[in-house]
Protein chains: 2
Amino acid sequence: MSSKPAIGFCGLGAMGFGMATHLVKQGYSVTGFDVYAPTLDKFKAAGGIPSTSLSESAKDKHFYVCMVATAQQAQAAIFGEDGIEKGLPKGATLLLCSTVPSAYATSVEKELKEIGRDDVYFIDAPVSGGAIRAADGTLSIMTGASPSAIEKGKWLLEELSAPSKLFIVEGGIGAGSNMKMVHQVLAAIQILAVSEAFGFAARLGLNGKDVREAVVGGRAWSWMFENRSVRTLKEDYFPGASAVTIILKDTGIITSMARLLNFPAPLCSIAEQVYLSSVDKGYGPNDDAGLVRLWSSEPVSNIQTEFSDEDKKAKLELVTNLLIGIHLCAAAESIAFAKHVGLPLPQLYELAVDAAGGSAMFKEFGAKMIPILEGERAENAEVLGSYLEGLKKAVEEAQNIKCPLYLGSGALNLMLQSGKNLDLATLLTLYTV
Amino acid sequence: MSSKPAIGFCGLGAMGFGMATHLVKQGYSVTGFDVYAPTLDKFKAAGGIPSTSLSESAKDKHFYVCMVATAQQAQAAIFGEDGIEKGLPKGATLLLCSTVPSAYATSVEKELKEIGRDDVYFIDAPVSGGAIRAADGTLSIMTGASPSAIEKGKWLLEELSAPSKLFIVEGGIGAGSNMKMVHQVLAAIQILAVSEAFGFAARLGLNGKDVREAVVGGRAWSWMFENRSVRTLKEDYFPGASAVTIILKDTGIITSMARLLNFPAPLCSIAEQVYLSSVDKGYGPNDDAGLVRLWSSEPVSNIQTEFSDEDKKAKLELVTNLLIGIHLCAAAESIAFAKHVGLPLPQLYELAVDAAGGSAMFKEFGAKMIPILEGERAENAEVLGSYLEGLKKAVEEAQNIKCPLYLGSGALNLMLQSGKNLDLATLLTLYTV
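Residues numbered from 1 in each chain as written. Chains lettered and ligands numbered in written order. Predicted model: local features only at pLDDT ≥ 70, side-chain atom pairs only at ≥ 80, totals over all residues. Heavy atoms only, no water.

> Even after reading the chapter, I still don't get the relation of the copies chain A and chain B, so can you show me in this structure?
Each of the two chain copies can be brought onto the other by rotation about an axis and movement along it. Overlay of chain A on chain B (RMSD 0.0 Å): rotation 180°, translation along the axis 0.0 Å. Both copies are brought into coincidence by an operation consistent with a two-fold rotation axis. Taken as a fraction of all interface residues of chain A, those also at the interface in chain B reach 100%, which identifies the copy contact as same-surface. (Least-squares fit on C-alpha atoms with pLDDT ≥ 70 in both. Contact = heavy atoms within 4.5 Å.)

Here's what the structure looks like:
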């Protein structure tokens, strides 16, 4: 291209603002829409062109990015009376970067066709990575669309993502959203697991700093634990960095798609109920690391530990066993769902192992689950009895001290459902009956 | 017998006091022990002989009933320094009527042998039916022991139970406790289901009285619903009739035995975590009907409904679908556990269908599950798709209105695990992998 094309953008929230201003910094003329006026002023100050009309923001824009929060908002933004579609010129490229159910992304494609706008190159392109990477243009993007749409929009997807983090998913519209969804299975479970582990530890009389030390870098490690625990230890929840309502929304996408597709998502469902309960308690706008308050009103970094080294080690082991058991089942739930929706499993692995859904258990056992689900090696399924026994001990001790373990008991029951000789293949069978 | 034998009794709580004074009314000399002095005064006033020493209360008593609250208490009462065993004469009959893990009942038998007291005829005989039936001598009793012990103690078991409610369970010591345990699987799930249904209904804008009317007598009926809903509508929780801590204790017996025996009990586990959470909120000593406060701070009988008849009917159907789905899975969890521990399934059915664990779904589908588990009719398993669809609708609407459904989502996931063509045999398979 001789000169950089003008870009339309709507949804200037934490993520969208970073993405849009990154494009401004790269020398693009970006016209941005948001319903919140002060954000538009901030956007203008950052070099963007503010717009108070969606259709205006799309006028003459051959490239448009929609980064609103939900499918409902996207529907209004794209197809509303003053919607984006009304302004987009013929043959424009429209990126939907919001996290939405894949069924919604598919419905946008269908509706564009129905209203005679199949000239629009529509791209389903949910993102991941947080506000800092959004502003750096180094997001992870999971995208699916027709080959011609991908060809049109690839440069823009590349502007927004890190070089190795643009995942073009086979399967057309919906495939990107499905990939994001199965990644979020890991996130939905592992975010609650952070608080469940800290809460259990607190009730065992362990200090949160010791817990972090025992988890980070070991087999109980998850990206979420390492990331969230910084805020847990500081009680940095108000508002922190990622509200409970955000992971609740993503969890709802998982469980509603699971219902639609007749797939069981037992751990995500358990997490969803706990998220809903925490919203009832007023925790919705707070950082999800603050869910530890469901277990402990005392800050976990204040807890005085008076155990011998040996006792402390044994109690910390209960906590790491809890996380290990949950993460193992989370890996099975995510990968089996990916298989169910027809995603390429090695791509999910490559994407998630090094992203917010990553965990030591996913890294080790995710790699072993894929050939089993692909029918290559079922006879070689690893026996997992030690994880079952470890989790049993944690759940038993929690019962003794009257500490709820929503995910821990849920994961234990999955393992128990797999029978005495628990192996990877049988665990996966629970999702693929 | 020429004259009625003297009986020793310990544990004069709500149940034990009724049982002991019933025996007094029947003309027996009953020596009663309790740690709480005012209860002993009351027992004396009712014609009993109070005792402040366990061994004294057992002295020269050829028949003794232990009705303390927990296995821990029973262990101290029987084998403590001033324990019952110290006082019991040679060849005495000892009934343990507390609800305890079967593994504990077995351990009592073993310990009696080890200390050279295998002259004692020990009987494992947990009871059910509540304080009124205890005082009437019309309890349900599930009992297991050696044939000679049963022969010795049968007259006393008959004094305490209704004619058709004395269930002698094959299998010796532990079989009675196992039978009580698998019955309590139904209770543990169906008690929480009452509040989950009323809570969901409240959030849908339904009045509790309409809910009761829609449930009682229909397919969503359970004994627990009919019984608890009277207190729900009156907010009779302080203390009401049955504390959360009681069902929590029974649920803990189920899940700890399930862990020990490698059996999955996913719905009981979910209920246990919610019971634990409610204890954290201070609801432990309150009636379990008060768990509805986890969903609604407004009394459910105060809720103003402003729907058309048609809308109201549709919303009530969501609530009954929820209960029907939960009760179906509860029946599977109970009966499959009974199979796992080797209990005679028709006896469980006969006992539970007409007791506190009863439900319309248990009545209908429990009868069909038994031949399947006994390998008689697996090819004839009924397809349950309509229950799956009904429960899906309830869970979907709950998600829309941000209402947690712990059991509803758990039951739905069990059904989804069973695959698209959900039938009874496949549902049961989830417990018998």
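From this point on, the discussion continues.
> Would you explain the side chain of Ser278 of chain A in this entry?
All names here are of chain A. With respect to the helices and strands, the residue Ser278 is situated in helix H13 (residues 266–280). Within polar-contact distance, the side chain of Ser278 engages the backbone oxygen of Tyr275 at 2.8 Å. Contact partners of Ser278, with chain neighbours within four places excluded, come to Val244, Tyr283, Gly284, Leu291 and Leu294. (Helix = DSSP H or I, 4+ residues; strand = E, 2+ residues; numbered from the N terminus. Polar contact = N/O pair within 3.5 Å; in protein donor to acceptor, adjacent residues only side chain to side chain.)

> Is there a simple way to explain the environment of Leu428 of chain B in this structure?
Residue and element names in this part refer to chain B. By secondary structure assignment, the location of Leu428 is in helix H19 (residues 424–429). A sequence separation of 56 residues divides Leu428 from Ile372, and the C-alpha atoms of the two residues are 8.5 Å apart. Excluding anything up to four places from it in sequence, Leu428 contacts Ala332, Ala336, Met369, Ile372 and Leu373.

> What exactly am I supposed to notice about the interface of chain A and chain B here?
As a measure of interface size, the accessible area lost when the parts come together is often cited. Contact residues are listed per partner, giving 39 residues for chain A and 39 residues for chain B. Surface buried jointly by chain A and chain B totals about 3,300 Å² across both partners, of which 52% is contributed by carbon and sulfur atoms. For the interface between chain A and chain B, the tally reads two salt bridges. A salt bridge links Arg203 of chain B to Asp280 of chain A; its shortest N-O distance comes to 2.4 Å. Scanning the region where chain A abuts chain B turns up 27 residue pairs in polar contact (both at pLDDT 80 or more). Within the residue set of the side of chain A that touches chain B, elements represented by two or more residues are helix H12 (244–260), H13, helix H17 (385–400) and helix H18 (406–417) of chain A. (Buried area = accessible area lost by both parts, 1.4 Å probe. Salt bridge = Lys/Arg side-chain N within 4 Å of Asp/Glu carboxyl O.)

> Could you clarify how one ought to interpret the UniProt feature "domain: 3-hydroxyisobutyrate dehydrogenase-like NAD-binding" (unreviewed entry) in chain A in this entry?
As recorded in UniProt, the feature "domain: 3-hydroxyisobutyrate dehydrogenase-like NAD-binding" (unreviewed entry) lies at residues 174–294 and 318–417 of chain A. Between the end C-alpha atoms of residues 174–294 of chain A the distance is 36 Å, and the span holds 68% helix and 0% strand. (UniProt positions renumbered as here; feature names shortened; annotations may be inferred.)

> I would appreciate a short explanation of the sheet that holds strand E2 (residues 30–33) of chain B in the present structure.
Pairing between sheet strands relies on hydrogen bonds along the backbone, with the strands arranged either parallel or antiparallel. All names here are of chain B. Within the open sheet, the six strands sit side by side as E3-E2-E1-E4-E5-E6. Their pairing is parallel. Of all strands in the sheet, those bounded by a partner on one side alone are strand E3 (49–51) and strand E6 (121–124). Across this sheet, the average inter-strand angle for adjacent strands is 20°, counted without regard to direction. Here four bridges tie strand E5 (residues 93–96) to E6, and the two strands are oriented parallel to one another. Within E6, the position partnered with Leu95 by the bridge is Ile123. Contacting E5 and E6, helix H6 (residues 102–114) crosses the sheet at an angle of about 175° to E6. (Pairing = 2+ DSSP bridges. Axes fitted to C-alpha atoms, helices over the stretch in contact; angles between N-to-C directions.)

> Would you mind showing me how to read the state of the cysteines here?
In protein chemistry, a disulfide is the covalent bond that joins the sulfur atoms of two cysteines. Evaluation of the coordinates by the stated rule reveals zero disulfides over all chains. Cys66 of chain A forms no disulfide, and the closest cysteine sulfur to it belongs to Cys10 of chain A, at a distance of 3.8 Å. No disulfide involves Cys329 of chain B; its nearest neighbouring cysteine sulfur is the one of Cys268 of chain B, lying 12 Å away. (Disulfide = S-S within 2.5 Å.)

> Hey, could you run me through helix H11 (residues 223–234) of chain B in this one?
Within an α-helix, residues lying three or four positions from one another point in the same direction, as the helix has 3.6 residues per turn. When we look at burial in H11 of chain B, the residues that qualify are Met224, Phe225, Arg228, Ser229, Arg231, Thr232 and Leu233 of chain B. Buried residues along H11 of chain B sit in contact with helix H9 (175–204), helix H10 (208–215) and helix H14 (309–340) of chain B. (Buried < 20%, exposed > 50% of the residue type's maximum accessible area, 1.4 Å probe, protein only.)

> Before we go on, may I ask you to explain the domain arrangement of chain A in this structure?
Residues and elements named next belong to chain A. Considered domain by domain, chain A is made up of domain 1 (7–173) and domain 2 (178–429). On a C-alpha basis, the centres of domain 1 and domain 2 stand 32 Å from each other. Listed by partner, the interface residues are 15 residues for domain 1 and 15 residues for domain 2. Summing both partners gives a buried area of about 1,300 Å² for domain 1 against domain 2, and 64% of it is carried by carbon and sulfur. Interface area lost by domain 1 to domain 2 is led by Thr99, Met142 and Phe167, which between them contribute 36%. (Domains from an automatic or database assignment.)

> I would appreciate a short explanation of the packing of aromatic side chains in the present structure.
Geometry of an aromatic ring pair is reported as the spacing of the ring centres plus the angle between the planes. Residue and element names in this part refer to chain A. The final tally for this structure, using the stated rule, is 20 aromatic pairs over all chains. Considering the side-chain rings of Phe198 and Phe225, the 5.0 Å spacing of their centres and the 15° angle between planes classify their relative orientation as stacked. In this pair, Phe198 sits in helix H9 (residues 175–204) while Phe225 sits in helix H11 (residues 223–234), placing the two residues 27 residues apart along the sequence. Relative accessible area serves as the criterion here: at 1%, Phe198 is assigned to the buried category. (Phe/Tyr/Trp six-rings, centres within 6.5 Å; stacked < 30°, edge-to-face > 60°.)

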